Amino acid sequence: MQHYKYTILMVITFILAWAIGSFSAIDEFASSFATTNTIVFTIIAGAMYSFSFTAGLAVVLFAHVPVAAETHIQLALIGAFGGLLADLLIFRFIKDVILHELGKKAEAFIARETRSRGRRIIMQIIGAIIIASPFPDEIGLTFMGLSHITFWRLVILTYVLDAIGIYILISAVTSFV
């Protein structure tokens, strides 16, 4: 059981997403909360959109946000703030915990492989494409962390990419609901 804790967590979030969409009491609560606290709800959904374990749940939550056609951009910018906070948390975890766990040999290998400016730029481009896509942000942020990106460049890039992704998601969700 301990070996599958992340898989179990992902399955639980998919079940929760299904429950929000299927049970009227949960659905009504989510809709009510989204209507009365749109900004907070959108920030939470944006943060959940960044984690692979909660991305499915975030899609369902965005479907509950009351959206007029003219507010797509505003909601995407608000949701991107939540996504940025989550991305920074993921980035810190990757940089401080994961890379430290890998040890000195991995650190030397990474330093050697990212010495070239061209490789660092390619890693940033790949990371940006992954963050903007439906793939888990953790993978893109790993590329960003390995490329030695500056903090402020990471902040600006992830915010813009999250805003674009959330805008596309909100537009898609509202066209099908």
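Please refer to the structure placed before this passage.
In short, a report on the structure.

### Considering the overall build of the chain
Thinking step 1. A count of helical and extended segments in the chain gives 8 helices and 0 strands.
Thinking step 2. Sorting the 177 residues of the chain into buried and exposed places 37% on the buried side.
Thinking step 3. Considering only residue pairs separated by 6 or more positions, the chain has 70% of its internal contacts joining residues 24 or more positions apart.

### Some words on the side chain of aspartate 87
Thinking step 1. By the secondary structure assignment, aspartate 87 is in helix 5 (residues 72-113).
Thinking step 2. Setting aside residues up to four positions removed in sequence, aspartate 87 forms contacts with Ser50, Ile131, Asp137, Leu141, Thr158 and Asp162.

### Structural notes on the environment of alanine 132
Thinking step 1. One can find alanine 132 in helix 6 (residues 117-132).
Thinking step 2. Taking the C-alpha atoms as reference points, alanine 132 and threonine 158, separated by 26 residues in sequence, lie 8.3 Å from one another.
Thinking step 3. Each residue touching alanine 132, except ones within four places of it in the same chain, is listed here: Leu161 and Gly165.

### A few points about helix 3 (residues 38-50)
Thinking step 1. With 13 residues, helix 3 extends 19 Å between its outermost C-alpha atoms, agreeing within 8% with the 18 Å of an ideal straight helix rising 1.5 Å per residue.
Thinking step 2. Phe41, Thr42, Ala45, Gly46, Met48, Tyr49 and Ser50 are the residues of helix 3 that are buried.

### Points about the packing of helix 7 (residues 137-146) against helix 8 (residues 151-176)
Thinking step 1. Across the interface, helix 7 lies against helix 8 with an axial gap of 12 Å and an inter-helix angle of 155°. If you check the angle between helix 7 and helix 8, you find them roughly antiparallel. Judged by the twist between their axes, the crossing of helix 7 over helix 8 is right-handed. Between helix 7, through Asp137, Leu141 and Met144, and helix 8, the contact on the second element is made entirely by Leu154, Leu157, Thr158 and Asp162.
Thinking step 2. Across the contact of helix 7 with helix 8, the residue classes tally to 4 nonpolar, 1 polar and 2 charged.

### A word on unusual backbone geometry
Thinking step 1. Even without being a glycine, histidine 148 presents a positive backbone phi close to 60°.
Thinking step 2. The topology assignment puts histidine 148 in the loop between helix 7 and helix 8.

### What about the side chain of aspartate 162?
Thinking step 1. Locating aspartate 162 in the fold gives a position in helix 8.
Thinking step 2. Buried charge without a partner: aspartate 162 forms no salt bridge, and the closest opposite charge is arginine 92, 15 Å away.
Thinking step 3. Excluding anything up to four places from it in sequence, aspartate 162 contacts Ser50, Ala80, Gly83, Leu84, Asp87, Ile131 and Asp137.

### Here's the deal with helix 6
Thinking step 1. With 16 residues, helix 6 extends 23 Å from end C-alpha to end C-alpha; this agrees with the ideal 22 Å at 1.5 Å per step.
Thinking step 2. Every buried residue of helix 6 is accounted for by Met123, Gln124, Gly127, Ala128, Ile130 and Ile131. Buried residues in helix 6, looked at end-on, bunch into an arc of 165°, giving them a common side. Exposed residues lying more than 90 degrees from the buried face of helix 6 are Ile122 and Ile129.

### Focus on the packing of helix 6 against helix 7
Thinking step 1. Packing of helix 6 against helix 7 brings their axes to within 8 Å, and their N-to-C directions diverge by 160°. The angle between the axes of helix 6 and helix 7 places the two elements in the roughly antiparallel class. Classified by chirality, the crossing of helix 7 by helix 6 is left-handed. Across from Met123, Gln124, Ile126, Gly127, Ala128, Ile130 and Ile131 in helix 6, the residues of helix 7 making contact are Asp137, Ile139, Gly140, Leu141, Phe143, Met144 and Leu146.
Thinking step 2. Here the contact of helix 6 with helix 7 is composed, by residue class, of 10 nonpolar, 3 polar and 1 charged.

Calculation notes
Position numbers for residues count from 1 along each chain, tracking the sequence in the order it is written. Owing to the predicted nature of the model, reporting of local features is limited to residues with pLDDT of at least 70; listing and counting of side-chain atom pairs is limited to 80 or more, with chain, interface and lining totals taken over all residues. The side-chain figures draw on all heavy atoms in the structure; neither hydrogens nor water molecules are used. Counting from the N terminus, the helices are DSSP H or I runs at least four residues long and the strands are E runs at least two residues long. Three labels apply to residues, based on accessible area from a 1.4 Å probe with only protein chains included: buried if under 20% of the type maximum, exposed if over 50%, partly exposed otherwise in between. Contact definition: two residues touch when any of their heavy atoms are within 4.5 Å. Each helix should span, by expectation, one fewer than its residue count multiplied by 1.5 Å. Axis angles are defined between N-to-C directions and span 0 to 180 degrees, where every axis is a line fitted to C-alpha atoms and, for a helix, only to the segment in contact. Throughout this description, any angle smaller than 35 degrees is read as roughly parallel, any larger than 145 degrees as roughly antiparallel, any in the 65 to 115 degree range as roughly perpendicular, and the remainder as oblique. By definition, turning the near helix anticlockwise from the far helix through less than a right angle yields a left-handed crossing, and turning it clockwise yields a right-handed one. Nonpolar residues are Ala, Val, Leu, Ile, Met, Phe, Trp, Tyr, Cys and Pro. Charged residues are Asp, Glu, Lys and Arg, and all others, Gly as well, are polar. Lys and Arg are tallied as positive, Asp and Glu as negative. Neither His nor the chain termini are counted. A side-chain nitrogen of Lys or Arg and a carboxyl oxygen of Asp or Glu constitute a salt bridge if their distance falls within 4 Å. Arc definition: directions from the helix axis to the C-beta atoms.

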